Structure formats: C-alpha cells, structure tokens
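# A look at the structure
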Protein chains: 2
Amino acid sequence: MPVCELISVGTELLLGEILNTNARFLSLELAAMGISVLRQSTVGDNPKRLALAIEEALSRSDLVIISGGLGPTPDDITKEVACRVLACDLVLSEEISEDLKAFFSARGLDMPKTNEKQALVPKGAKVFKNPKGTAPGLAYEKDGKCLIMLPGPPREMEPMFLESVKPFLSKYSDQIILSHTLRTFGIGESAMAELAGELLNGTNPTVAPYAKDGEALLRVTARAESLEKAEALCKPVLDSLQKKLAPYVYGIDVENLQSQLVLLLEQSALKLATAESCTAGYLSKKITEVPGASKVFECGIVAYSSDIKQSLLAVSADTIKTHGLVSPEVAISMAKGARHLAAADLALGVTGVAGPGPDTQGNPAGLAYIALVAENDIIVEKVQTARSNDRDYNRRIISSRALNIARLYLLELKAKVRE
Amino acid sequence: MPVCELISVGTELLLGEILNTNARFLSLELAAMGISVLRQSTVGDNPKRLALAIEEALSRSDLVIISGGLGPTPDDITKEVACRVLACDLVLSEEISEDLKAFFSARGLDMPKTNEKQALVPKGAKVFKNPKGTAPGLAYEKDGKCLIMLPGPPREMEPMFLESVKPFLSKYSDQIILSHTLRTFGIGESAMAELAGELLNGTNPTVAPYAKDGEALLRVTARAESLEKAEALCKPVLDSLQKKLAPYVYGIDVENLQSQLVLLLEQSALKLATAESCTAGYLSKKITEVPGASKVFECGIVAYSSDIKQSLLAVSADTIKTHGLVSPEVAISMAKGARHLAAADLALGVTGVAGPGPDTQGNPAGLAYIALVAENDIIVEKVQTARSNDRDYNRRIISSRALNIARLYLLELKAKVRE
C-alpha cells in the first residue's frame, strides 16, 4: 500500500489564525482511496524550513502532497523550493499563461505582473486546472516518488482534488477501505476497551476506541480488494464486539441516542412528552435535533421553579414538602403532569441539581432522578454524575441518561410485542 | 525569542476523522505569549514514527508541546515513547494515583486496571492536573529543552493549558501578555473586520478577528513589561473598536449572550418565560446554561404541534388558520401564553422552520418569527438564516437572536429608567 505525507504551507497556520481544514480533507479522501497518510506537517513561508520538510517527507513516503504557497505574492515559494529540492527546472507553460490571461480578461482586468510567475511549472509536471482561482495544481514524478502541489484556499483546493487529483491518484490505490462504527452508552472508553480486549490488537480489521460527546465508540476498519471482502472481514469482529459489549451497544452506524429514540417512537407509533427541571430544555433540544422529531414529540415543559411544577405539572405541594424537589416522587409526578398536559403516551420527568454547586437543600450537584411514565409502567432511576461541578457536563449526561431510559423501555416493549 | 514545535498524536487525525483544533488553539495562545511556533506535526499512534517526530522537534526547538496519546488504552503511547527518547524513567505518582481513584470512586466505580498507567510520570516531571478527565499533563525539562505533554481532547487540553501550562510557560516569555475580548452579535467576521479597518494592522496591541459559535469576536492583545502598561496600550484601541462597532458589541470580556441576558434580568428584577416551536428547547437550554438562571427563568414551554400551541399556550385556532403557524401573530400569541402560564414579566415566543427542508406550508427552512411580550410592549422580528438547510445552525442562530432581542429590550428599559 502506498504511503503519503501532507505538508501545509503558510505562516497564518503557525500563528493559529486559520484552522487547517486541508489536512483533514485530504486525509479523509486519501484514507477512502486506501492511501495511508503517515504524517501531516505544517511549516511557514520560509524557504529553508519548507525545503527541509519536503526532503524529509520524500525520504519516507512515496507520495507527498503540499497545499499552499502557490499564490502570486513574494511569500508564495512552494514551487521554487520544490524545484530546488527535486533539482528540476521551472519553465513557462503557455497553456497556463493563456488561462491566466483569460481569467483576468473575463473580469475586465489586465493581468498583474505578479501573477506571471503562476504560469511557471516544473519541467515535465502534470498540470491540474484551477477553475476557482489563478494557481494551477501540479504533480511531479521522479524516481518512483510523486510530489503534488495544490493551492491553499480550501474552495480552490477541494474541487481541484476531487475533479483532477483523485483520478490521477487512482493508480496509487489498489484497495477498498470500509469502516463501521459501533456506538455504546453507559460505559467509559477505558472500560469499553477492556471488554473489547484482544480485538483491539487486530490489524485487518483494525478496532479503535474513541470517546465523543460523553459516549464511547469503536471504529472497525477493514481493507480488501472488494467491498464484499471488506464486509466479510468486518462481520465476525462486529458480531464478537456486539456480544462482548451487549448491555451498552445501542447501534452500528447509527447517528446518536436521540435519533435511535425517535426511530423507536416512530416504529411504535407512540408520542413522548418531557418535563425538565435541572436539564431545563437540554433533553427537549436533543430530541428535536432529529429531523422529523415533531411526529413523535409535541410538547416539553421546562419547570424550573417549585411554583411552576405545582401550577403547570400538578405536582402536589405535599409531595414536594414530604420528599423534596429532588426526589423520585417529584420526577414521577412531573412526568405524569407532562403526559397528561401533552396527551402523550410516554413522558420523561427529570429533577436534579445542575450545579456547579449543591442546591439549597444540600443535594449535591450532578444528582438527578429521571422518571419514565407510560400507561401501565413507571420507571425511575437515580443518577449521580462523575464530574459533578461541571454544569454543562451534568446537564448533558443527565439528558443522555433520560434518552437511554426511554430507548431501553421502547426496546423492551418491542420485544414483548414479538413474544 | 524562544521557538516551539507542536506534535499532535492520533491515528484519527491522520484518517481525517477529526479536525485538529488543538494545533490552532496552541499556536494562537503561544503567539500571544511571544513564543514562535516553527512547525506543527501530526503522527499516528505508532511508536517509531512518534519517536522520530519527537527527536526531530527537540533537535530544532527549545520547546516541544505534544497533545494526545495520554489515554488509558494500549494505543496511547506518548509518555512511554517520550521517556525512551529522553532516556528518563517512568515512575508512579502517588498523587495522580489518588486523584484517579477519587475520580472513579466519585462515579461509584472501581478504577479499571488500564487506567493505572495514567499515574506513571517521567521522573522529575512537573504535573498539570486535569479537572476534566483522567490524563494529567506533564512537563519534562532537560538540557535547556522542555517537552510538554497534554491530553488530546480539547475540552481537557484547553482549560489545562490556560490554567496551568500558560503560567508555567511564562518564564519562556519575558513580557506580560494581556488580552481583552470584544464580543459582537449580528455581524459576520469579514464585515466586522472591514469596520475594524486599520486597527487590524496594529502590532502592539494586535487585533485579531475570530468567528465562534456563529458570533464574531475581536481579541486585542498587548505586550509590555507591566500589566499597567499593557492596559494602557489596549485601552485606546478597545475604545476605538467599540465606537466603530457600536451597534454590534454586547460586551468586553463577558462570557456570552445568555450570561448578559441573565445578568440584565437579575438587575431589573424581572422574570422571563419562553414558548418555543422550531428551537424546541434550544433557547431554554441556553438561558439555563448560566448558573443561577433559576432566579429569573422559571418556565419554558416547548410547543411543537399546533394542538399543544392551542391547548397549552391558548393560541387561537383562528389565528393559526388566518396567519399560519409560522407567523408574527402566532409568535406573539405564544409569548403571551407563556407569560400568562408562568406569571412572568417578559416572555419570548419563537415559531419557525428548523429544517433541513421547508415546512408543509412551503415556508423555507431557517425562517422564524420571534416575539417579545412585556406588560406594555410587544416586539416581533422576522429572521431568515443564511445556511438554511443546516438544522442545528438554524436553531442556534434563531435562539441567539431571541436572546439578543430580550437583551436589547432590557438595555433600553434600563436607559429609560435612568432618564
């Protein structure tokens, strides 16, 4: 398999003025073609340091892709430096020269003298046209190595890569790459990795653990000559992982908890309502992130104060007095209230302490009770988050737990119907 | 001036699965401290290639900062590789070990065996605590060079850098660095930059525009021998920017729109309620991100369906029929309903099309009406977002606009009271 390195050129990247989206775009595209990126480097508009970076990259890799430094100004030096490293001449391309003149005359302008240098190309290089700007792309092959130079602005580089460079590179790609993502909830990255055990050491497919938005996930990636063969490599590993992680897995190649919940609600033709205290809209916001959530979710109540819990959700003053605002009883009563108000089939009630500090009753931050109320069922769970002084974390985790409680309930319901 | 290199570690970066925001964040912060970044490199979780990258970087630079590869799983190898390169021993830190145990026991969990290795540190290294996760940061100094290792997840790395690493690095910077951030709403980054004009070309203070979460902001950074002198350099530039950007600036060194709104509500001793359709909890979630929001916000209604708008918020069937669900009239009626239900002083009503597609009435995605209803005032505004097929963007922008409408109203009220 061919190996590749990327070099991004531009002092603005080293100053942190712009985010390097080119490295990501190219890495993603190359991975999909079965070309491994071994290293990404960023250097400034400095001839000595750029030359060193090109030499190093060519010594390690078959393919080096540089983006940036092809513009018309004096600090654009990529072509000149690359030619020095490769010991080749820069020659005028009549074709590019004509293109450049046409580019400016189409805009009713004479071509500035500084742009003339953009028509210079390494002798024998392949030229990639730039319909979005003035810097053409270039590929120069020598001694079995290939150096590709692309313009820096993403709006010029990306279409050029897709239209011209990708077809040119197809000769370097001989494999299909296939990835599946297994998503879990309720388990940390390290505990998940421990359960996955030796499967993490595989080389084809590889199994890589990630943590994202408070969830742990596993990416299974296989390489093969065909999609079928890649699928056949993934299948036993995915099956085995799903068995090992059974209580935590909520889907393969699915988007997130809320999309799974909305799907289950649609399939069951049930409607959900919410009554939130500490999460105060977070849960409702998550559910309605899913396009089409309106079919299964019509109403959410944010009842932050004790008065609103009583007046709107009919939580009795007595329940609050006896059990406290942060209690299983209030969570259940809130859910009942929302279910009634919304005329929904199911309702979630959430009461707790968002933090960063404890509440006035001395309940610690990150403590919450989540109730699910259905026609014939009541479930209530206690949650105590780990990083309890982090308000956003508490609200996010408590909301996710609520989504998961409803998801598991609907799954069980489905299983019962099948029985 | 000391020179620095950054190394990002993670195969997921080389696969293009995530964007390297760490390199940008660190470059920006280091530039503001007067530390030059010469190169950014990204390598995968591969011991040989990581070792080479560390050796190369240390041979060229005084300071090398690595992010990533400090996690608990077997593919996290940064510490082990760095110690091999530096010829130093990894030893158990009792303090980190205790912190880790406390982290897990707070969750009611035993520490997984894999996490034990996170308590190993290079002998003699300075430790930076990680309040957001399990991987501590490390600094190891030898022969006049310094190698710093930080966790990869930005939500752990960024606060660790600001709280612990920046003060540690101040010895590499011989000046005081002072930054002020001017926050705006309702103007794009490039339009803001145009208004700021020549002030962007200053060198001390520097003025740098950023876009973050749909807002444009300006960072003004001065260097001087003392805080007083740095303040004196910033002051005239901040004054001048504030004048040029007057209609858009909502604060200097303030957190966000919602914190400003909650502050104004507290100062005015007024309570706010919300009634949301297309934003469906996003607005309420934003307001309640602010600790202490419960004092000024007691109730939010998510009324997604037409039925709930009628039954709960008393929007009349006639209003809906005559004007449509997405109309100024429905927004006002929703706000009135929420204000009444919550017995609040002010209420915001939001109705619109979240997208990604148009609604069944043919209203385009990203269109919304936002109403503010107070005792003697009604304000209603129409919004049409720019990237209208992006559901999350639409909901975020519409929520922010609603926050800003309430903020401006309260500011005007305050001004009237003073008159």
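Whatever comes next refers back to the structure up there.
Residues numbered from 1 in each chain as written. Chains lettered and ligands numbered in written order. Predicted model: local features only at pLDDT ≥ 70, side-chain atom pairs only at ≥ 80, totals over all residues. Heavy atoms only, no water.

## A word on the sheet that holds strand 10 (residues 206-212) of chain A
Residues and elements named next belong to chain A.
- With antiparallel pairing, the four strands of this open sheet are ordered in space as 10-11-9-12. Pairing within the sheet leaves two strands with one partner each, and these edge strands are strand 10 and strand 12 (249-252). With direction set aside, neighbouring strand axes in the sheet form an average angle of 25°.
- Across eight bridges, the pairing between strand 9 (residues 176-184) and strand 11 (residues 215-224) is antiparallel. Looking at the pairing, Thr181 lines up with Arg219 of strand 11. (Pairing = 2+ DSSP bridges. Helix = DSSP H or I, 4+ residues; strand = E, 2+ residues; numbered from the N terminus. Axes fitted to C-alpha atoms, helices over the stretch in contact; angles between N-to-C directions.)

## Focus: the pattern of salt bridges
- Applying the stated rule across the entire model yields 33 salt bridges over all chains.
- Asp239 of chain B is the salt-bridge partner of Lys235 of chain B, the closest N and O atoms lying 2.7 Å from each other. Taken together, the positions of Lys235 of chain B and Asp239 of chain B, both in helix 8 (residues 227-244) and four residues apart, correspond to about one turn of that helix.
- Note on Asp239 of chain B: relative accessible area 37%, which makes it partly exposed.
- Beyond isolated ion pairs, a larger network of salt bridges with shared partners links Glu5, Arg39 and Arg60 of chain A together with Glu56 of chain B. (Salt bridge = Lys/Arg side-chain N within 4 Å of Asp/Glu carboxyl O. Buried < 20%, exposed > 50% of the residue type's maximum accessible area, 1.4 Å probe, protein only.)

## Digging into unusual backbone geometry
- In this structure, the amide linkage connecting Gly355 of chain A to the following residue, Pro356 of chain A, adopts the cis form with an omega of 10°.
- Along the chain, the position of Pro356 of chain A falls in the loop between strand 15 (346-352) and strand 16 (367-373).
- The residue after Asn204 of chain B, namely Pro205 of chain B, is reached through a cis peptide bond having omega 5°.
- Here Pro205 of chain B shows up in the loop between helix 7 (189-196) and strand 10 (206-212).
- The phi dihedral of Asp143 of chain A falls on the positive side, at around 50°, and the residue is not glycine.

## Notes on empty space enclosed by the protein
- If you walk through the whole model with that rule in mind, you get three cavities of 30 Å³ or more.
- Taken as a whole, the largest cavity encloses approximately 120 Å³ of empty space.
- Around the largest cavity, the lining comprises 14 residues; the ones closest to its centre are Asn20, Ala23 and Gln40 of chain A together with Asn20 and Thr42 of chain B.
- Elements supplying a minimum of two residues to the lining of the largest cavity: helix 2 (21-32) and strand 2 (36-43) of chain A together with strand 2 (36-43) of chain B.
- When its residues are assigned to classes, the lining of the largest cavity shows five nonpolar, eight polar and one charged. (1 Å grid on protein atoms, 1.4 Å probe; cavity = no way out; pocket = protein on both sides within 12 Å on 5 of 7 lines; lining within 4 Å. Points joined across faces, edges and corners; volume = space filled by probe spheres on them. Nonpolar A, V, L, I, M, F, W, Y, C, P; charged D, E, K, R; others polar.)

## A look at the packing of helix 11 (residues 306-313) of chain A against helix 13 (residues 328-342) of chain A
All names here are of chain A.
- Running from N to C, helix 11 and helix 13 point in directions that differ by 40°, and their axes come no closer than 9 Å. As judged from the angle between their axes, helix 11 and helix 13 are oblique. Where helix 11 crosses over helix 13, the two elements pack in a sense that is left-handed. Between helix 11, through Lys309, Leu312 and Leu313, and helix 13, the contact on the second element is made entirely by Val330, Ser333, Met334, Gly337, Ala338 and Leu341.
- A class-by-class count of the residues in the contact of helix 11 with helix 13 yields six nonpolar, two polar and one charged. (Parallel < 35°, antiparallel > 145°, perpendicular 65-115°, else oblique. Left-handed = near helix turned anticlockwise from the far one by under 90°. Contact = heavy atoms within 4.5 Å.)

## Quick look at helix 2 (residues 21-32) of chain B
Residues and elements named next belong to chain B.
- The end-to-end C-alpha separation of helix 2 is 17 Å, in line with the 16 Å expected for 12 residues at 1.5 Å each.
- Counting buried residues along helix 2, 10 of its 12 residues qualify, which places the element largely inside the surrounding structure.
- Residues of helix 2 that are buried: Asn22, Ala23, Phe25, Leu26, Ser27, Leu28, Glu29, Leu30, Ala31 and Ala32.
- The opening residue of helix 2 is Asn20, an N-cap whose side-chain oxygen sits 3.3 Å from the backbone nitrogen of Asn22. (Expected span 1.5 Å × (residues − 1). Polar contact = N/O pair within 3.5 Å; in protein donor to acceptor, adjacent residues only side chain to side chain.)

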